[in-house]
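If you want the building blocks of each chain, they are given just below.
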Amino acid sequence: MVDEKITIGVLALQGAFFEHAQMLKHFNVEVREIRQKKDLKGIFGLIIPGGESTTMSILMKKQSFRDELIKIIKNGLPVFGTCAGAILLSKKIKGNKSSEGLSLMNIEIERNAYGGQLDSFEEDVVLNLNDEKKRFHAIFIRAPKIIDVSENVDVLSRNSRNEIIMAREKNMLVATFHPELTSGLAVHEYFIQMCGRFTQKP
Ligand code: GLN
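These figures come from a predicted structure and were not determined experimentally.

S.K.: What's the story with helix α3 (residues 66-74) in this structure? I'm lost.
M.R.: Along α3, the residues classified as buried are L69, I70, I72 and I73. Phi turns positive, to about 110°, at G76, one or two residues after α3.

S.K.: Before we go on, may I ask you to explain the site of the ligand in this structure?
M.R.: The environment of the ligand is formed by G50, G51, E52, S53, C83, A84, I87, R111, N112, I141, R142 and H178. Here an oxygen atom of the ligand and a backbone polar atom of G51 are 2.9 Å apart. The side chain of N112 places a nitrogen or oxygen atom 2.5 Å from a nitrogen atom of the ligand. Notes on the ligand: free accessible area 300 Å², of which the protein chains cover 97%. Judged by the proximity of its atoms to the pocket grid, the ligand belongs to the second largest pocket.

S.K.: Even after reading the chapter, I still don't get the layout of surface pockets, so can you show me in this structure?
M.R.: Unfilled space is identified by rolling a water-sized probe across the atoms. In this structure, the second largest pocket encloses a volume near 190 Å³. If you go around the second largest pocket, you meet 16 residues; those closest to its centre are G50, G51, C83, I141 and R142. In terms of residue class, the lining of the second largest pocket is made up of 7 nonpolar, 6 polar and 3 charged.

S.K.: Explanation requested: the side chain of T7 in the structure shown.
M.R.: Checked against the element boundaries, T7 lands in strand β1 (residues 7-11). Non-local contacts of T7, meaning those with residues more than four positions away in its chain, are made with E30, R32, G42, I43, F44 and G45.

S.K.: In this structure, what is going on with empty space enclosed by the protein? I would like to understand it.
M.R.: Applying the stated criterion across every chain, the model contains 1 cavity of 30 Å³ or more. Approximately 70 Å³ is the volume attributed to the largest cavity. Lining the largest cavity, in full, are S53, T54, S57, I87, L88, I93, N96, E100, G101 and R111. Among the elements of the structure, α2 (53-62) and α4 (84-89) are those that each provide at least two residues to the lining of the largest cavity. With 3 residues, the single largest contributor to the lining of the largest cavity is α2. Looking at the lining of the largest cavity residue by residue, the classes come out as 3 nonpolar, 5 polar and 2 charged.

S.K.: What is the right way to read helix α5 (residues 186-196) from this model?
M.R.: Helical periodicity: at 3.6 residues per turn, an α-helix aligns residues three or four positions apart in one direction. For α5, the tally of buried residues reaches 8 of 11 residues, placing the bulk of the element in the interior. Of the residues making up α5, those classed as buried are A186, V187, H188, Y190, F191, I192, M194 and C195.

S.K.: It is not clear to me how unusual backbone geometry should be interpreted in this structure. Could you clarify?
M.R.: Phi is mostly negative for residues that are not glycine, and the peptide bonds are mostly trans. Although it is not a glycine, N130 adopts a positive phi angle of roughly 50°. Mapped onto the fold, N130 is located in the loop between β7 (121-129) and β8 (132-140). Judged by relative accessible area, N130 falls into the partly exposed class, the value being 44%. One non-glycine residue, D131, adopts positive backbone phi at about 60°. Among the structural elements, D131 can be located in the loop between β7 and β8.

S.K.: Sorry, what's going on with the environment of K41 here?
M.R.: By the secondary structure assignment, K41 is in the loop between β2 (30-34) and β3 (45-48). Judged by relative accessible area, which is 67%, K41 ranks as exposed.

What counts, and at which threshold
Residues numbered from 1 in each chain as written. Predicted model: local features only at pLDDT ≥ 70, side-chain atom pairs only at ≥ 80, totals over all residues. Heavy atoms only, no water. Buried < 20%, exposed > 50% of the residue type's maximum accessible area, 1.4 Å probe, protein only. Helix = DSSP H or I, 4+ residues; strand = E, 2+ residues; numbered from the N terminus. Near = heavy atom within 4 Å. Polar contact = N/O pair within 3.5 Å; in protein donor to acceptor, adjacent residues only side chain to side chain. Areas by Shrake-Rupley, 256 points an atom, 1.4 Å probe, with all protein chains shown as cover. 1 Å grid on protein atoms, 1.4 Å probe; cavity = no way out; pocket = protein on both sides within 12 Å on 5 of 7 lines; lining within 4 Å. Sits in = over half its atoms within 2 Å of the grid points. Points joined across faces, edges and corners; volume = space filled by probe spheres on them. Nonpolar A, V, L, I, M, F, W, Y, C, P; charged D, E, K, R; others polar. Contact = heavy atoms within 4.5 Å.

Limitation: the analysis is restricted to geometry and does not speak to function.
Now the structure itself:
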């Protein structure tokens, strides 16, 4: 039997998509940069990278595939948003009346909650992945803060200030830090497991 590799997409409109694609190369998966609607066909998971959430949401609309993205994620496509990607997935963005992002996950997030670029920081954190505790070096760059989650959202990690930094709701995973900028593979490995369980509708 031929062992068919699953394809994981990385949204490549703007931001740290290259670094995520490099991380995925450590695994037995195909990696596809996603720039337009037609690129979404046949993927088993999608990473929305960090970058600038406002720019990314404008580009998503211009490429006219925002609606398609919303549809396939609602249909169960595993998606992992890091930093700006987490902002785009949130249903509520503090201070914004309406979310211009994808507005899918039942969390509230505050953008640039730690200040500007110079207030970026790093620390070792513990991730709770599949009932296992994993130490991970987390890098926060102009990071958002998850300030509220609804009860069906699982909190997978908190930082030393007890703030939520990683969470999952069904097929949607978010992290406020940048796992693609460290050598640790645990976060991407966890997401690929989520993708492996996704079965595409014919
Ligand atoms: N501050 C950015 C935003 O609000 C996110 C920063 C990041 O992705 N590293 O979109």
